[in-house]
Amino acid sequence: MKADEMYVILEIVQIIFLIAVAPLIQGVVKKTKALLQGRRGPSIWQPYYDLRKYMLKDEVVSVHASWLFLITPYVVFASTIAVVAMIPVFMTDTLLSFTGQLVLVVYLFGMARFFTALSGIDTGSSFGAMGSSRDMFVSGLAEPVLFVTLLAVALPLKTTNVTLLTNRVIANHALLLSPTFYLVFLAFFILVVTETGRIPVDNPDTHLELTMIHEGMLLEYSGRRLGLMMWSAWIKQTLMFTLLIDFCGPWGISRDGHGWILIASLAFLFLKLIILAIVVAFVEMSYAKIRFFRIPRLLSAAFALSMIAIVTEYLL
């Protein structure tokens, strides 16, 4: 087999790996939260059982639902998989690699969010409309902050190609001594919490009217389409963890894709994902959900950290 063909196979394998491991990461978060609350909690494999149940169950679709409601799960799932194909996972090479990848990542996340919000109001459900309204409010603040944070990563390394960017971070060990590194890390961690709908921004385990955002938009879904929406959310969560690793801790990611180094890289990445899942669970247990109109303060902090990182990079 030619070297180019082997690389393409490995790039497809890392996409499958991220898609397959996403429910497990969600299971680790829920299990850790349960243990911290003094409960036994569900198994870490429970998201896989839930996914199988959703895929096998019949659907109930509102008579008021239009084609938009029906195609949204497929659009959201496809756009999430497209982002997975652009992000280095356990090796720096990706199936899709080109200049401007970071900008496209923001647009694909935005498109998935836009379709999800439209589907929330499509059936005329008041809960769905409320969730869509809240999600658009948070999105209007989070998307610009995400773009500025990615800019803070891209400007010092002079590229918007994620593969090149990860390679340059791995090669430049002096980054660990730069204050910009720590500012970007803090800003991106706030964004991870926001974009994945975790406490203190949103509570993914509730269906209470006063607290739900993302879950409100999924109330009208059932069966296979609900399974796709839930799976997409878990993949996005794992994607955000992987992006944080690529930008702020890529050491251990394979650059040549050969032999035991690749296996060690895969094991190392899996360990880092599990650690991040446990840290997120600890953060959720350490903070209460903040009031909705205080979310802008949290995102303002991430925006300020990213701007300071950009200015610091050019002053030092």
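Residues numbered from 1 in each chain as written. Predicted model: local features only at pLDDT ≥ 70, side-chain atom pairs only at ≥ 80, totals over all residues. Heavy atoms only, no water.

Moving on: the overall build of the chain. From N to C terminus, the chain includes 11 helices and 0 strands. The principal-axis extent of the C-alpha atoms belonging to the chain is close to 55 × 50 × 45 Å. Across the 316 residues that make up the chain, the buried fraction comes to 53%. Put simply, the chain shows about 14600 Å² of open surface, and 70% of that area lies on carbon and sulfur atoms. Taken as two groups, the 23 positive and 20 negative side-chain charges of the chain have centres that lie 7 Å from each other. (Helix = DSSP H or I, 4+ residues; strand = E, 2+ residues; numbered from the N terminus. Buried < 20%, exposed > 50% of the residue type's maximum accessible area, 1.4 Å probe, protein only. Areas by Shrake-Rupley, 256 points an atom, 1.4 Å probe, with all protein chains shown as cover. Lys, Arg positive; Asp, Glu negative; His and termini not counted. Charge placed at Lys NZ, Arg CZ, Asp CG, Glu CD.)

So, on to helix α4 (residues 101–122). With 22 residues, α4 extends 31 Å between its outermost C-alpha atoms, agreeing within 8% with the 32 Å of an ideal straight helix rising 1.5 Å per residue. Following α4 by one or two positions, Gly124 adopts a phi angle in the positive range, close to 85°. (Expected span 1.5 Å × (residues − 1).)

As a further point, take the UniProt feature "transmembrane region" (unreviewed entry) in the chain. Per the UniProt record, the feature "transmembrane region" (unreviewed entry) sits at residues 6–29, 67–89, 95–115, 136–157, 169–193, 259–283 and 295–315. End C-alpha to end C-alpha, residues 67–89 measures 35 Å, and it is 78% helix and 0% strand. Along residues 136–157 the backbone is 100% helical and 0% strand, and the end-to-end C-alpha distance reaches 32 Å. (UniProt positions renumbered as here; feature names shortened; annotations may be inferred.)

The description of two aromatic rings rests on the distance between their centres and on the angle between their planes. Overall, the coordinates contain 7 aromatic pairs when judged by the stated rule. For the pair Phe17 and Phe90, a centre-to-centre distance of 6.1 Å together with 80° between the ring planes defines the contact as edge-to-face. With Phe17 in helix α1 (residues 3–36) and Phe90 in the loop between α3 (67–84) and α4, the pair connects residues that are 73 residues apart, well separated along the chain. On the basis of relative accessible area, Phe17 is assigned to the buried category, the value being 17%. Residue classification places Phe90 among the buried positions, given a relative accessible area of 4%. Ring plane angle 25° and centroid distance 6.5 Å describe the contact between Phe185 and Phe189, whose orientation is recorded as stacked. Residue Phe185 and its partner Phe189 are located together in helix α7 (residues 179–195), separated by 4 residues, close to a single helical turn. Residue Phe189 is classed as buried on the basis of its relative accessible area, which comes to 16%. Over the ring of Phe109 we find Lys236; its NZ or CZ atom is 4.9 Å from the centre of that ring. (Phe/Tyr/Trp six-rings, centres within 6.5 Å; stacked < 30°, edge-to-face > 60°. Lys NZ or Arg CZ within 6 Å of the ring centre and 35° of its normal.)

Turning our attention to the pattern of salt bridges. With the rule as written, the count across this model stands at 5 salt bridges. Among the salt bridges present, the one from Asp135 reaches Arg113, with a minimum N-O distance of 3.4 Å. Separated by 22 residues along the polypeptide, Asp135 in helix α5 (residues 126–157) and Arg113 in helix α4 bring together distant segments of the chain. Comparing Asp135 with Arg113, the two get one shared label, buried. Connected via shared salt-bridge partners are Glu59, Arg224 and Arg225. (Salt bridge = Lys/Arg side-chain N within 4 Å of Asp/Glu carboxyl O.)

A complete count under the given rule lists 1 cavity of 30 Å³ or more for this structure. If you add up the space inside the largest cavity, you get close to 150 Å³. Taken together, 14 residues make up the lining of the largest cavity; nearest its centre are Val153, Leu175, Thr180, Phe181 and Val184. Counting only elements with at least two residues in the lining of the largest cavity, the list comes to α5, α7 and α9 (223–248). (1 Å grid on protein atoms, 1.4 Å probe; cavity = no way out; pocket = protein on both sides within 12 Å on 5 of 7 lines; lining within 4 Å. Points joined across faces, edges and corners; volume = space filled by probe spheres on them.)

Structurally, Ala309 is set in helix α11 (residues 295–315). For Ala309, a relative accessible area of 0% puts it in the buried group. Along the chain, Ala309 and Leu183 lie 126 residues apart, while their C-alpha atoms are 5.8 Å from each other. In this structure, Ala309 is in contact with Ala152, Thr180, Leu183 and Val184, ignoring residues within four places of it in sequence. (Contact = heavy atoms within 4.5 Å.)

One can describe the packing of α7 onto α11 by two numbers: an axis separation of 8 Å at closest approach and a directional angle of 155°. When the axes of α7 and α11 are compared, the pair comes out roughly antiparallel. You can see that α7 and α11 cross each other, and the crossing is left-handed. Residues Pro179, Thr180, Leu183, Val184, Leu186, Ala187, Ile190, Leu191 and Thr194 of α7 form the contact with α11, whose participating residues are Leu298, Leu299, Ala301, Ala302, Leu305, Ser306, Ile308, Ala309, Thr312 and Glu313. Broken down by class, the residue content of the contact of α7 with α11 amounts to 14 nonpolar, 4 polar and 1 charged. (Axes fitted to C-alpha atoms, helices over the stretch in contact; angles between N-to-C directions. Parallel < 35°, antiparallel > 145°, perpendicular 65-115°, else oblique. Left-handed = near helix turned anticlockwise from the far one by under 90°. Nonpolar A, V, L, I, M, F, W, Y, C, P; charged D, E, K, R; others polar.)

Glancing now at the packing of α7 against α9. It is at 10 Å that the axes of α7 and α9 come closest, and there the two elements cross at 180°. Taken together, the axes of α7 and α9 are roughly antiparallel relative to one another. Contact residues: α7 offers Phe181, Val184, Phe185, Phe188, Phe189, Leu191, Val192 and Glu195, while α9 offers Lys236, Met240, Phe241, Leu243, Leu244, Phe247 and Cys248. Taken together, the residues of the contact of α7 with α9 break down into 13 nonpolar, no polar and 2 charged.

Below, the discussion takes up the side chain of Thr238. You can see Thr238 is positioned in helix α9. Look at Thr238 and you get buried, because its relative accessible area is 0%. Within the local environment of Thr238, its side chain forms a polar contact with the backbone oxygen of Trp234, the two atoms lying 3.0 Å apart. The contact partners of Thr238, leaving out residues within four places of it in the chain, are Leu18, Val21, Ala22, Ile25 and Leu273. (Polar contact = N/O pair within 3.5 Å; in protein donor to acceptor, adjacent residues only side chain to side chain.)

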